[in-house]
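Report on the structure
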Amino acid sequence: MTVDLAGTAGHTAPAGEFAALYAQAQRFYAHQMRLLDTHDTGRWADTFAENALLHPPLLPAPVRARAFLAGYVRRGAAHRRLAGGRLDHWVGMLDVRPQADGSLHTRCSALAYLTPAPEGPRALHVYVMQDVLVRSQGEWRITHRRITRDDLA
Amino acid sequence: MTVDLAGTAGHTAPAGEFAALYAQAQRFYAHQMRLLDTHDTGRWADTFAENALLHPPLLPAPVRARAFLAGYVRRGAAHRRLAGGRLDHWVGMLDVRPQADGSLHTRCSALAYLTPAPEGPRALHVYVMQDVLVRSQGEWRITHRRITRDDLA
Amino acid sequence: MTVDLAGTAGHTAPAGEFAALYAQAQRFYAHQMRLLDTHDTGRWADTFAENALLHPPLLPAPVRARAFLAGYVRRGAAHRRLAGGRLDHWVGMLDVRPQADGSLHTRCSALAYLTPAPEGPRALHVYVMQDVLVRSQGEWRITHRRITRDDLA
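Note that this is a predicted model, so its numbers are computed, not measured. (Residues numbered from 1 in each chain as written. Chains lettered and ligands numbered in written order. Predicted model: local features only at pLDDT ≥ 70, side-chain atom pairs only at ≥ 80, totals over all residues.)

This brings us to the overall build of chain A. Looking only at helices and strands, one finds three helices and six strands in chain A. Ordered by position from the N terminus, the helices and strands of chain A form the series α-α-β-β-α-β-β-β-β. The 153 residues of chain A split such that 36% are buried. A fraction of 51% describes how many contacts in chain A between residues 6 or more apart in sequence connect residues 24 or more apart. (Helix = DSSP H or I, 4+ residues; strand = E, 2+ residues; numbered from the N terminus. Buried ≥ 20, exposed ≤ 12 C-beta atoms within 10 Å, placed from the backbone. Contact = placed C-beta atoms within 7 Å.)

Pasting the structure below:
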């Protein structure tokens, strides 16, 4: 599945509804990335639907998001040891397209940076995340995430 | 024309209306900058009103925004060859002041960065964009943009 | 007082109300940081309640926010001379938790960067700000701010 925000205007939500969805999406990303950066993997997993798919930059096809988690954390710890600091993310440039079925198609950028680095925080990569979010029991959860890395595109 | 957000509180919009306008402005900038960075000049031009004015950092006076486009893309390609990478923008620090006439006065920062660079994305400049947005046919369009560069101010 | 957003879901505001509060908080931070960066200390002070407390990274306990201002500006000027450029802030990653008493508990990141630097803007530190905002006379004001610096945590 490909989510191409550029090619689709999405469902036209009323202004008030769009504002509500956009604010919820912004909080979702600020919160989710903080869970990722603090390795709160249990609660991070809970931001993905049970059978959510994740398509990372270097894999040929999507994998199960929750199962991918444990590996990420292990690799992340190794990566941090190599890089010499903590890995943090800064999300921005959010575009949200409400769909007629109630889901959200989103696109945002995530800057991965190292902190502390000897000379202040150091930018490593900018990722683009294209997500499908679905609401269940009052919470948004990702059902599909595609991550691309700008320098590999 | 000068848009001084610091000096004017703007029209006081009801909370719900302000939220709607702020969310729309955020999506507008995320979308517009992506069009710029992918050189989708046709759709980028469409984010400016027909006779919109653009006042870039190094020019003494505003120029026609749409006519300025073709030159920007040509210069941009040359700049990227020199700089050795792709030029991307990250927008944030958005302030929105709804005006009594229905227009929006906005102020935001745009970080221009190079990606890929040998050692990860590299910050080049921070610009400040002060825009006047007007709505026509359901879409926001810029009628006036003044860009200043922090290191020239 | 500690504001732990991770541990508290906060009051569940209706979607429209949450959107309004989130948009107001975003504008608040874009505006407040600009006042800080332009040394508009009078208007910056006014974004804090009269008896607001501020807990900066290197102090053992909170201090009076407004009284701390004059010292910050003096130190800031000296710091800029040493660092060789202007100090600016970029705020993002905002989480907002409306409370039952009408206040807001927020958490956001603030990147402090130097501009101009010889080779473009240079990132110095990422701070995390955890604030309590209270509304009075139509304006949000901070009553408590705790600032942590990522590389000291």
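The relation between the two copies of this chain is a rotation about an axis and a shift parallel to it. Placing chain B over chain A gives an RMSD of 0.0 Å and needs a rotation angle of 120 degrees, together with 0.0 Å of translation along the axis. In the structure described here, the two chain copies are related by an operation that fits a three-fold rotation axis. Closest approach to the rotation axis among the C-alpha atoms of chain B is made by Ala19 of chain B, whose C-alpha sits 3.4 Å away. (Least-squares fit on C-alpha atoms with pLDDT ≥ 70 in both.)

Glancing now at the interface of chain C and chain B. Facing the 17 residues of chain C at the interface are 19 residues of chain B. Listing elements by their share of the side of chain C that touches chain B, those giving two or more residues are helix H1 (15-37) and strand S3 (86-98) of chain C. Residue contributions to the side of chain C that touches chain B peak at nine residues, all from H1 of chain C. Looking at the side of chain C that touches chain B, its residues break down into nine nonpolar, six polar and two charged. (Nonpolar A, V, L, I, M, F, W, Y, C, P; charged D, E, K, R; others polar.)

Right, let's get into the sheet that holds strand S1 (residues 48-55) of chain C. Residue and element names in this part refer to chain C. Spatial ordering of the open sheet is given by S2-S1-S6-S5-S4-S3, a layout of six strands whose pairing is mixed. Because the sheet does not close on itself, it has two edges, and the strands there are strand S2 (63-64) and S3. Both strand S4 (residues 104-115) and strand S5 (residues 122-136) contribute to a ladder of eleven bridges, which runs antiparallel. Following the sheet pairing, Arg107 is matched in S5 by Gln130. (Pairing = 2+ DSSP bridges.)

Taken residue by residue, the interface counts 17 residues in chain B and 19 residues in chain A. For the side of chain B that touches chain A, the secondary structure elements donating two or more residues are helix H1 (15-37) and strand S3 (86-98) of chain B. Top element by residues in the side of chain B that touches chain A is H1 of chain B. It accounts for nine residues. The residue makeup of the side of chain B that touches chain A, split by class, is nine nonpolar, six polar and two charged.

A few words now on the confidence of the model for chain A. Residues and elements named next belong to chain A. Here chain A shows a mean pLDDT of 86. Residues at 70 or above account for 86%. Mean pLDDT in chain A bottoms out at helix H3 (residues 65-83), which sits at 74, and peaks at strand S6 (residues 139-149), which reaches 96. Model confidence for the complex is summarised by a pTM of 0.89, with the ipTM given as 0.85. (pLDDT = per-residue confidence, 0-100.)

Each strand in a sheet pairs with another by means of backbone hydrogen bonds, the pair being arranged parallel or else antiparallel. Residue and element names in this part refer to chain B. As summarised here, the arrangement of the six strands in space is S2-S1-S6-S5-S4-S3, forming an open sheet in which the pairing is mixed. In this open sheet, the two strands that pair with only one neighbour each are strand S2 (63-64) and S3. Direction of pairing for S3 relative to strand S4 (residues 104-115): antiparallel, over a ladder of eleven bridges. Residue pairing across strands places Trp90 opposite Leu111, the latter belonging to S4. With respect to the sheet, H1 is in contact with S3, S4 and strand S6 (139-149), its orientation differing from that of S3 by roughly 160 degrees. (Axes fitted to C-alpha atoms, helices over the stretch in contact; angles between N-to-C directions.)

With that settled, consider unusual backbone geometry. In the Ramachandran plot, Gln137 of chain A falls in the positive-phi region, its phi being about 50 degrees despite a non-glycine side chain. The topology assignment puts Gln137 of chain A in the loop between strand S5 (122-136) and S6. Although it is not a glycine, Met93 of chain C sits at a positive phi angle of roughly 55 degrees.

Along the chain, Thr41 of chain C falls in helix H2 (residues 41-45). For Thr41 of chain C, a count of 15 C-beta atoms within 10 Å puts it in the partly exposed group.

Residue and element names in this part refer to chain C. For S4, the buried fraction is high: nine of the twelve residues fall into the buried class. The turn linking S3 back onto S4 is made up of five residues, and Gly102 within it adopts a positive phi angle of 95 degrees. Between the end of S4 and the start of S5, which pair antiparallel, lie six residues, with Gly120 showing a positive phi angle near 85 degrees.

On to H1 of chain C, then. In this model, H1 of chain C (23 residues) spans 33 Å end to end at C-alpha, consistent with the 33 Å of a helix rising 1.5 Å per residue. Backbone geometry just after H1 of chain C places His39 of chain C at a positive phi near 60 degrees. (Expected span 1.5 Å × (residues − 1).)

Our next topic: the environment of Ala19 of chain A. Among the secondary structure elements, Ala19 of chain A is positioned in helix H1 (residues 15-37). Residue Ala19 of chain A is classed as buried on the basis of its C-beta count, with 28 C-beta atoms lying within 10 Å. Residues Ala19 of chain A and Pro57 of chain A, spaced 38 residues apart in sequence, show a C-alpha to C-alpha distance of 31 Å. Setting aside residues up to four positions removed in sequence, Ala19 of chain A forms contacts with Ala19, Ala20 and Ala23 of chain B together with Ala19 and Ala23 of chain C.

Packing of H1 of chain B against H1 of chain C brings their axes to within 8 Å, and their N-to-C directions diverge by 65 degrees. Along this stretch, H1 of chain B crosses H1 of chain C, giving a crossing that reads as left-handed. Here Ala15, Gly16, Phe18, Ala19, Tyr22 and Ala23 of chain B of H1 of chain B lie close against H1 of chain C, whose contacting residues are Gly16, Ala19, Ala20, Ala23, Gln26 and Arg27 of chain C. Here the residues of the contact of H1 of chain B with H1 of chain C sort into eight nonpolar, three polar and one charged. (Left-handed = near helix turned anticlockwise from the far one by under 90°.)

Residue and element names in this part refer to chain A. Residue position: Pro56 is located in the loop between strand S1 (48-55) and strand S2 (63-64). By C-beta crowding, Pro56 is classed as partly exposed, having 16 other C-beta atoms within 10 Å. Linking Pro56 and Met129, residues 73 residues apart in sequence, is a C-alpha distance of 9.3 Å.

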